[in-house]
Each structure stands twice: as structure tokens, then as C-alpha cells.
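# Fold and geometry: a report
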Amino acid sequence: MPHENSRRYLNAFSEIERALRCLIGAAKGMPFYNLIRKCSQREAIVKKYADDLREFADLRNAIVHERCNGEPIAEPHHKTVLQIEKIRNHIIAPPTVEPVFFRKVICCDLNDPIDEVAKTMLKGSFSQIPMYERGKCKGLLTAETVARWLADKFQDNISVLKGETVGMVADFREYRDNYRFISRKTTLFEVLDHFDSFAKIGKKLDALIITSGGKSNEKPLGIVTVFDLPKTYRLIG
């Protein structure tokens, strides 16, 4: 009869294997390593834990197939059991942005006076605010964009605020593709994958805007910025 740690470990492994098969509709005979490879192409959480899962498979084989005098040659450490159970829980029920990152999202319209919007950013210590036009998001107004616009205006030695709109300032954006929309069911692992994907190609992701279905014409329910990454890492442990 397996020891308690082995029992818990094997149960968790079986649940992970079953969950991975369900994710891609794989046949029962597909080798576990192939499951990991295929699921990693679709699921951020599996990609994150791919190396751990391969090591778990090797240990599982040692527990089940390798014997010495009828006893398994390996018994998982308690910390290893806790780790595989944590990963099992994350794969079966991954934590999402809802409701952790739900918050009131301060937005602006392209026709809003920039002086009022700038005051709002200063008062709320916002480094970026989503810009909308007729109910559809047109990008992010960032502190960097405002700074670039101000630098241009100072060159002309004219009044820099009165009569200027958000839309006029938005033309000074360095990056227009610096945000993404995500649905309320997006997992925290997918959040990290978004930021990581941008970093890998040398681009900057300023914010993920949360809506019900991840569409630009839906009301924002929350926002995730680069400043939220430490909190995200803490939440997934």
C-alpha cells in the first residue's frame, strides 16, 4: 500500500493528466510529455509549469514502476506533494483577474480638455488613462505622451493647455499598440504571459483593460498595469 505522500502525489498527478487531456481532447494513450507540449501551445499555465510537470512525470514513473523488494524506490518529499497539489489546483481552477483586479477605471474622451484630464491623472497618480470615442477605446493616454506633447508645445512658447483636447495630445504617443483587452475570465497566468510576450519582442505593454468579453466597445471593469505584476506573482504563489 502506498505511503501517504505517494498516495497524494499519485492522485494529484492523475488529476493533472486528466485535466490536460480534457484541455486538448487528447486520446487516453497520448504520452504525458506530448500532452505537456501540446497544452503548452494553448495554455499559459501549462507553459509556465511545463518543466515541473516533466519532472513530476519522471518521479511518478519511479514511484509506480521502479521497485526494490516490492517497495517503491522513491517517496516524494512533503514539499513536493504540496507543490504538485498547488499546480493541480491552478490547472483545474486557475485564478482569474475577476474580482481581484476589478476597480473603477477612470477614462477620458478624445474631446475632453487636456488640462482637466491632466489634473485627474495628477490627483489620482494615474500613469495611464484609457481614451474613448463614441463608446470605443482608442488607446491609452500615458504620462509619457503628455510629457512629449508638453515638450513640443514649449518649443513654440505658446499657452500649452487652454483649448487643447485629449485627441490632440494623443497624436504624440510613442507607441499606439501598448495595451490589450482581456475578458473577466482571463487567468493570472495569461496576464503574465501578455506582459512577457511584449517584453520578448522589445515592446512595452502599459495596461490590460478588463471588460466582460475582452472587447474594446465594452465598459471597462478593471485594469492591470505593470505596477500590478508583483501582486499577480504573489497571488499565484
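Now for a quick tour of the structure. Note that the structure is a prediction, hence the values are computed from the model and not measured.

## With respect to the side chain of Arg21
Structurally, the position occupied by Arg21 is in helix α1 (residues 4–24). The class for Arg21 is buried, based on a relative accessible area of 13%. A polar contact of 3.0 Å, which involves the side chain of Arg21, links it to the backbone oxygen of Met30. Ignoring anything within four residues of it in the chain, the contact list for Arg21 reads Ala26, Ala27, Lys28, Gly29, Met30 and Leu35.

## A look at the sheet that holds strand β7 (residues 207–211)
Whenever strands of a sheet pair, they do so through backbone hydrogen bonds, lying parallel or antiparallel. Read across the sheet, three strands follow the order β6-β7-β8 without closing on themselves; strand pairing throughout is mixed. Two strands close off the open sheet at either side, each with one partner strand: β6 (179–183) and β8 (222–225). Between one strand axis and the next, the sheet turns through 25° on average, direction left out of account. The pairing of β7 with β8 spans four bridges and is classified as antiparallel. When the sheet's bridge partners are listed, Ile209 is paired in β8 with Ile223.

## A look at the packing of helix α2 (residues 32–40) against helix α4 (residues 50–65)
Relative to each other, α2 and α4 sit at 170°, their axes nearing to 10 Å. Relative to α4, the element α2 is oriented roughly antiparallel. Every residue of α4 that contacts α2 at Phe32, Tyr33, Ile36 and Ser40 is listed here: Ala50, Leu53, Arg54, Ala57 and Asp58. Here the residues of the contact of α2 with α4 sort into six nonpolar, one polar and two charged.

## Let's talk about the sheet that holds strand β4 (residues 128–133)
With respect to topology, three strands assemble into an open sheet ordered β3-β4-β5, the strand pairing being mixed. A single partner strand is all that each edge strand has here, and the edge strands are β3 (108–109) and β5 (136–142). Bridge count between β4 and β5: six bridges; the pairing is antiparallel. Bridge assignment links Met131 to a residue of β5, and that residue is Gly139.

## Quick notes on the packing of α1 against helix α5 (residues 78–92)
It is the contact of α1 with α5, at a shortest axis distance of 9 Å, that shows an interaxial angle of 25°. Comparing their axes, α5 and α1 come out roughly parallel. Judged by the twist between their axes, the crossing of α1 over α5 is left-handed. Taking contact as the criterion, the partners of Asn5, Arg8, Tyr9, Ala12, Phe13, Glu15, Ile16, Ala19 and Leu20 in α1 are, on α5, His78, Thr80, Val81, Leu82, Ile84, Glu85, Ile87, Arg88, Ile91 and Ile92. Residue composition of the contact of α1 with α5, by class: twelve nonpolar, three polar and four charged.

## Some points on the environment of Thr96
Here Thr96 lies in the loop between α5 and β3. Sequence separation between Thr96 and Glu17 is 79 residues; the distance between their C-alpha atoms is 22 Å. In contact with Thr96, other than residues within four places in its own chain, are Arg184, Lys185, Thr186, Thr187 and Leu188. Only 3.1 Å separates the side chain of Thr96 from the backbone oxygen of Glu98, close enough to count as a polar contact.

The rules behind these values
- Residues numbered from 1 in each chain as written.
- Predicted model: local features only at pLDDT ≥ 70, side-chain atom pairs only at ≥ 80, totals over all residues.
- Heavy atoms only, no water.
- Helix = DSSP H or I, 4+ residues; strand = E, 2+ residues; numbered from the N terminus.
- Buried < 20%, exposed > 50% of the residue type's maximum accessible area, 1.4 Å probe, protein only.
- Polar contact = N/O pair within 3.5 Å; in protein donor to acceptor, adjacent residues only side chain to side chain.
- Contact = heavy atoms within 4.5 Å.
- Pairing = 2+ DSSP bridges.
- Axes fitted to C-alpha atoms, helices over the stretch in contact; angles between N-to-C directions.
- Parallel < 35°, antiparallel > 145°, perpendicular 65-115°, else oblique.
- Nonpolar A, V, L, I, M, F, W, Y, C, P; charged D, E, K, R; others polar.
- Left-handed = near helix turned anticlockwise from the far one by under 90°.

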